[in-house]
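Structure assessment
Chain by chain, the residues:
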Amino acid sequence: MTQTATTKTAPGPKGLPVIGNVMQLGGADILTRYIELWKEYGDIFYLKLGPLDSFVLANPEHVHHVLVKNQTNYIKGIGYDGFRLLVGQGLVTSDGELWRQQRRLMQPPFTPKAITQFTQMMVDVTAQMLDRWQAYAQRSETVTMDAEMMRLTMSIIGRAMFSIDLGEELTEVGDALHRAFGFIPERAQGGIALPLSVPTPKHRRFKQDLEIIDGFIQRRIEEGRRNPNQDNLLSILLQSRDEETGQGMSEEQLRDEVVTLFFAGFETTARSLTWALYLIAHHPEVADKLEAESDAVLQGRAPVVDDLFNLTYTRMVVDEVLRSTRPPPCWRAKT
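Residues numbered from 1 in each chain as written. Predicted model: local features only at pLDDT ≥ 70, side-chain atom pairs only at ≥ 80, totals over all residues. Heavy atoms only, no water.

**As for the packing of helix α12 (residues 284-298) against helix α13 (residues 312-323)**
Our working definition: Lines fitted to C-alpha atoms define the axes, with helix axes restricted to the stretch in contact, and inter-axis angles between N-to-C directions lie between 0 and 180 degrees. Numbering of helices and strands runs from the N terminus, with a helix taken as a DSSP run of H or I at least four residues long and a strand as a DSSP run of E at least two residues long. An angle below 35 degrees is read as roughly parallel, one above 145 as roughly antiparallel, one from 65 to 115 as roughly perpendicular, and any other as oblique. Any two residues whose heavy atoms approach within 4.5 Å are treated as being in contact. Charged means Asp, Glu, Lys or Arg here, nonpolar means Ala, Val, Leu, Ile, Met, Phe, Trp, Tyr, Cys or Pro, and polar covers whatever is left, Gly included.
Taken N-terminus to C-terminus, the directions of α12 and α13 make an angle of 140°; their axes are 8 Å apart at the nearest point. Relative to α13, the element α12 lies oblique. Residues Val 286, Lys 289, Leu 290 and Glu 293 of α12 pack against Thr 312, Tyr 313, Thr 314 and Val 317 of α13. Its residues assigned to classes, the contact of α12 with α13 shows four nonpolar, two polar and two charged.

Quick look at the structure:
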């Protein structure tokens, strides 16, 4: 379904002085607001967000034009600045030659075949969570699902990255990661972001958390260098070499990529799982179909990798959950 604007200049809602259209995007359901704007103004519409000139693309062909066909004409814009405070110049936030170099180094560990080595670990951690839930149910205790998904993903990423469990008990680095990951979107949504050099309580706390995270990662890297044959992602990254130059990652690059993987594998995944459970709870007919497919395919046993190809409805639900999440940070055309 597409609607095409007929004017050469992208249309959009009229905004207020200084802040532009910021107030018009208020409210919890920002996705619905974007859909309303698309229906009113077409596949490309313009928003003024404070000092930023923003163009929203709704047509897949336009998105392909920016991200694939002409990707060298665009860089990751100001929407990524908050991420860079935490993850530095990792694969998600870097551009140009640095991004191409990091992609060559990071790609081998993340092929579908390579990831399957962690399947059984993920199944085991999930089974432990379900056993814990069963005990809660027997005691009629309330479960905070967001906290449970955080605990689950922290356990999985900790085991996959470092062969240690960061989710089963409350650790200093776990607390620091929770707070630091929470600081980034809070800072982005708070209007004008002050420099971190301004000693506000939240800035001081973030810097302290960053020191804890960096210290933890540095110790893990040192341990990985002392024991290079561990069966985890850090060991793979330590041994990765650029196929064109033969060089590995610098200490700074390694740190940034490890934190990026934490962000991708922990906080964002946990939020997506919580969102999925929320949606399923509000659509009982979907829950019934998921349960029926699981019973038919798994027949009471734990899942294995090959089951993914047969859980077709489950995959459709996952895709719909991902589709319905909020828009990503902005890209900016080179000037």
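**Observations regarding the packing of aromatic side chains**
For clarity, the threshold we go by: For Phe, Tyr and Trp, where Trp contributes only its six-membered ring, two rings pair if their centres lie within 6.5 Å, and the inter-plane angle classes them as stacked under 30 degrees, edge-to-face over 60, or tilted in between. For every residue, the accessible area obtained with a 1.4 Å probe (protein chains only) is divided by the maximum for its type, and the residue is called buried under 20%, exposed over 50%, and partly exposed between those limits. A ring has a charge above it when a Lys NZ or an Arg CZ is no more than 6 Å from the ring centre and no more than 35 degrees off the ring normal.
Counted under the stated rule, the structure contains five aromatic pairs. Aromatic pair Phe 162 and Phe 216: ring centres 5.4 Å apart, planes at 90°, arrangement edge-to-face. Of this pair, Phe 162 sits in helix α7 (residues 145-162) while Phe 216 sits in helix α9 (residues 201-226), and the two are 54 residues apart along the sequence. Across this residue pair, the class does not change: Phe 162 and Phe 216 are buried. Taking the ring centre of Tyr 80 as reference, the NZ or CZ of Lys 76 above it sits at 6.0 Å.

**A word on the confidence of the model for the chain**
Put simply, the test is: Each residue gets a pLDDT score, which is the predictor's confidence in that residue and runs from 0 to 100.
Across the chain, the average pLDDT comes to 85, with 91% of residues at or above 70. Between the elements of the chain, mean pLDDT differs from a low of 59, seen in strand β4 (residues 331-333), to a high of 96, seen in α12. The low-confidence segment residues 1-7 (pLDDT under 50) makes twelve contacts with residues lying over four places distant or belonging to another chain.

**Notes on the side chain of Asp 242**
Here Asp 242 is to be found in the loop between α10 (233-239) and α11 (251-281). Once you skip the residues sitting within four places of it in the chain, Asp 242 turns out to touch Gln 101, Arg 104, Leu 105 and Gln 247.

**Remarks on the packing of α11 against α13**
Operational definition: Take the far helix as the reference: if the near one is turned anticlockwise from it by less than a right angle, the crossing is left-handed, and if turned clockwise, right-handed.
Two elements in contact, α11 and α13, have axes separated by 10 Å at closest approach and are oriented at 110°. As the angle between them shows, α11 and α13 are arranged roughly perpendicular. Along this stretch, α11 crosses α13, giving a crossing that reads as right-handed. Along the contact surface, α11 presents Ser 272, Trp 275, Ala 276, Leu 279 and Ile 280, while α13 presents Val 317, Val 321 and Leu 322. The residue inventory of the contact of α11 with α13, partitioned by class, reads seven nonpolar, one polar and no charged.

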